[in-house]
Amino acid sequence: MILRKTIAGQLLQLLALIIIHASCHTLTSAKTVNPGGGELQQQPQLEQQQPIQGLPEPRAYMPDSQNLDFVYHDHEELTRFLRATSARYPNLTALYSIGKSIQGRDLWVMVVSSSPYEHMIGKPDVKYVGNIHGNEPVGREMLLHLIQYFVTSYSSDQYVKWLLDNTRIHILPTMNPDGYAVSKEGTCDGGQGRYNARGFDLNRNFPDYFKQNNKRGQPETDAVKDWISKIQFVLSGSLHGGALVASYPYDNTPNSMFQTYSAAPSLTPDDDVLKHLSLVYARNHAKMSRGVACKSATPAFENGITNGAAWYPLTGGMQDYNYVWYGCMEITLEISCCKFPPAYELKKYWEDNQLSLIKFLAEAHRGVQGFVFDPAGMPIERASIKIKGRDVGFQTTKYGEFWRILLPGYYKAEVFAEGFAPREVEFVIVEQHPTLLNVTLQSSKRIEGIGGPMVSVGGVGVGVGGSPGGIYRPMQAAQHYRPQMPPYAAATSNDGIFSTISNGLNSLYSNIFG
């Protein structure tokens, strides 16, 4: 009897222990699966959520993953992400290369649009360029995240859908992949990785309006020049690091030697528009418009914007080249006080810049847009257009399209094309929507019953009146209007020892501030 009670008691205790153990197992443990097959030991869930001290957290990025993690991606990873995104979203993206770096890395461009493979008639092309300085890669990562945000939000975000339905967005995440490859994360200042593989600063390697740039052209800048000569970009942003400011043209000034530190602005004919575009970015940014200096020794910028030359002048910059040579409104976006901050800060940079990156592109739909036709209704390619009082012009595409960002007001456009009589057209810009303007140019050949004496309009002969014999013969004109060079600019020489001193000071200054 005693033995029976003892055995029964032991069985009850054992049963209780089994029940308690099973309950605890159900509530607190989870199965860990071995990727190679089978099962590993049981681990409490709470312990699984705690990373092992001393080991880095695993990277979330995989080529077949839809999620892009907030880390820096080398060129191979960047390429895999772009290819995977293009394959996953073929109706929204197209991937192409505009050339290769010195060391053979592709300069990838991703088009994001509801019409990625062909130009949409009447829809503007815009672009972002990142990482022109290899040691300033925050913009490179921001552009990758912008691509991901666009493609994943198209079906759910009505603003993104409108933007992609009405705009072709070209994104070049890195213009200087070779420089990036030798840069060091956590380095806030200095020049390691800034230059391309031959030691050239790519943002000093473009033709310059104010001063002859004798620096040998580099493959990366040649690729970009060829790219923007083939696509009529309306708006552009170049992403940099080392400061927190939106900088607008001109970057150079007629007498840069003696104005390196004089804070003298060098204003374009479109100064109102370029200031507005800079303010759009700064005010939609989480911090930029506050105008707070990055460090006590660095300048503070009112409203978070500055004229480039007023900050410090430079020769051969990309934004001046875009504006003067092709009429593209480009501004420079300095988006991080540290040139190459630690990766754990990237998520915060994305939160700070996301709205600005999107809202800035939408400004391409402000102002005037339309077509230039001949009398038969056929588009006129490469017709030159200049807004009266603004001496930097622009040209039509092969479809006769044009766009110009303008603020509300009253304007006159002068339209010229070889073989056609020039025409002046008046129009009004309002805030709510772009002004649509279609212009028909008449042939310069004599038409029976139409003609008259020749008069000069802006140095170009124009036939007027109703008598026969007035045949318009346009004077040979340059293909693109550029502002008249100030007379003192041509007389100013920057050669010799003064040029060497000036270039050295500018190089030192840009290594510190961006």
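Note that the coordinates shown come from a computational prediction; the quantities given were computed from them, not determined experimentally.

**Considerations on the UniProt feature "active site" (unreviewed entry) in the protein**
Phase 1 of the analysis: UniProt records the feature "active site" (unreviewed entry) at E334, using the numbering of this structure.
Phase 2 of the analysis: Its location among the elements puts E334 in strand β10 (residues 329–336).
Phase 3 of the analysis: Using a relative accessible area of 2% as the deciding quantity, one classes E334 as buried.
Phase 4 of the analysis: A polar contact of 3.4 Å, which involves the side chain of E334, links it to the backbone nitrogen of G241.

**Brief notes about the state of the cysteines**
Phase 1 of the analysis: By the definition in use, this model includes 2 disulfides.
Phase 2 of the analysis: Put simply, C188 and C338 are joined by a disulfide, and their sulfur atoms are 2.1 Å apart. Negative torsions about the S-S bond denote left-handed disulfides, and the value of about -95° found for C188 with C338 makes this one left-handed. Highlighted residues: C188 in the loop between α6 (177–181) and α7 (219–230) and C338 in the loop between β10 and α11 (346–362), separated in sequence by 150 residues.

**Structural notes on a nonpolar patch on the surface**
Phase 1 of the analysis: Taken together, Y410, V428 and V430 make up a surface patch of nonpolar side chains, about 270 Å² in accessible area.
Phase 2 of the analysis: Within the secondary structure layout, V430 lies in the loop between β16 (420–429) and β17 (435–440).
Phase 3 of the analysis: For V430, a relative accessible area of 32% translates into the label partly exposed.

**Things to note about helix α3 (residues 75–88)**
Counting along an α-helix, one turn takes 3.6 residues, and residues three or four places apart therefore face a common direction.
Phase 1 of the analysis: The end-to-end C-alpha distance of α3 is 20 Å, a good match for the 20 Å that 14 residues give at a rise of 1.5 Å each.
Phase 2 of the analysis: The inward-facing, buried residues of α3 abut β3 (93–100), β4 (106–112), α4 (138–153) and α6.

**Looking at unusual backbone geometry**
Phase 1 of the analysis: Backbone torsion omega between P249 and Y250 reads 0°, so that peptide bond is classified as cis.
Phase 2 of the analysis: Among the structural elements, Y250 can be located in the loop between β8 (243–248) and α8 (271–284).
Phase 3 of the analysis: Backbone geometry places N131, a non-glycine residue, at a positive phi of 65°.
Phase 4 of the analysis: Of note, N131 is situated in the loop between β5 (125–130) and α4.

**Regarding the side chain of T174**
Phase 1 of the analysis: Take T174: it is sitting in the loop between β6 (168–172) and α6.
Phase 2 of the analysis: Residue T174 is classed as buried on the basis of its relative accessible area of 1%.
Phase 3 of the analysis: Polar side-chain contacts of T174 include one of 2.8 Å to the side chain of N131.
Phase 4 of the analysis: The contacts of T174, once residues within four sequence positions are left out, are H75, L78, L107, G130, N131 and R140.

**Focus: the pairing of strand β7 (residues 233–240)**
Phase 1 of the analysis: Across the 8 residues of β7, 8 count as buried, placing the element largely inside the fold.
Phase 2 of the analysis: With 6 bridges joining them, β7 and β10 adopt parallel strand pairing. Its bridge partner being in β10, L235 is matched across the sheet by M329.

**Remarks on the sheet that holds β17**
Phase 1 of the analysis: One open sheet accounts for 3 strands, arranged β14-β11-β17; its pairing is mixed. Both outer strands of the open sheet, β14 (401–404) and β17, are each paired with one neighbouring strand and no more. Neighbouring strand axes in the sheet, compared pairwise and without regard to direction, differ in orientation by 20° on average.
Phase 2 of the analysis: In the sheet, strand β11 (residues 368–373) pairs with β14 via 4 bridges, with the strands oriented antiparallel. By the bridge assignment, Q369 is partnered in β14 with W403.

What counts and how
- Residues numbered from 1 in each chain as written.
- Predicted model: local features only at pLDDT ≥ 70, side-chain atom pairs only at ≥ 80, totals over all residues.
- Heavy atoms only, no water.
- UniProt positions renumbered as here; feature names shortened; annotations may be inferred.
- Helix = DSSP H or I, 4+ residues; strand = E, 2+ residues; numbered from the N terminus.
- Buried < 20%, exposed > 50% of the residue type's maximum accessible area, 1.4 Å probe, protein only.
- Polar contact = N/O pair within 3.5 Å; in protein donor to acceptor, adjacent residues only side chain to side chain.
- Disulfide = S-S within 2.5 Å.
- Patch = residues over 30% accessible without salt bridge, like charges linked within 9 Å, V, L, I, M, F, W, Y side chains within 5 Å.
- Areas by Shrake-Rupley, 256 points an atom, 1.4 Å probe, with all protein chains shown as cover.
- Salt bridge = Lys/Arg side-chain N within 4 Å of Asp/Glu carboxyl O.
- Expected span 1.5 Å × (residues − 1).
- Contact = heavy atoms within 4.5 Å.
- Pairing = 2+ DSSP bridges.
- Axes fitted to C-alpha atoms, helices over the stretch in contact; angles between N-to-C directions.

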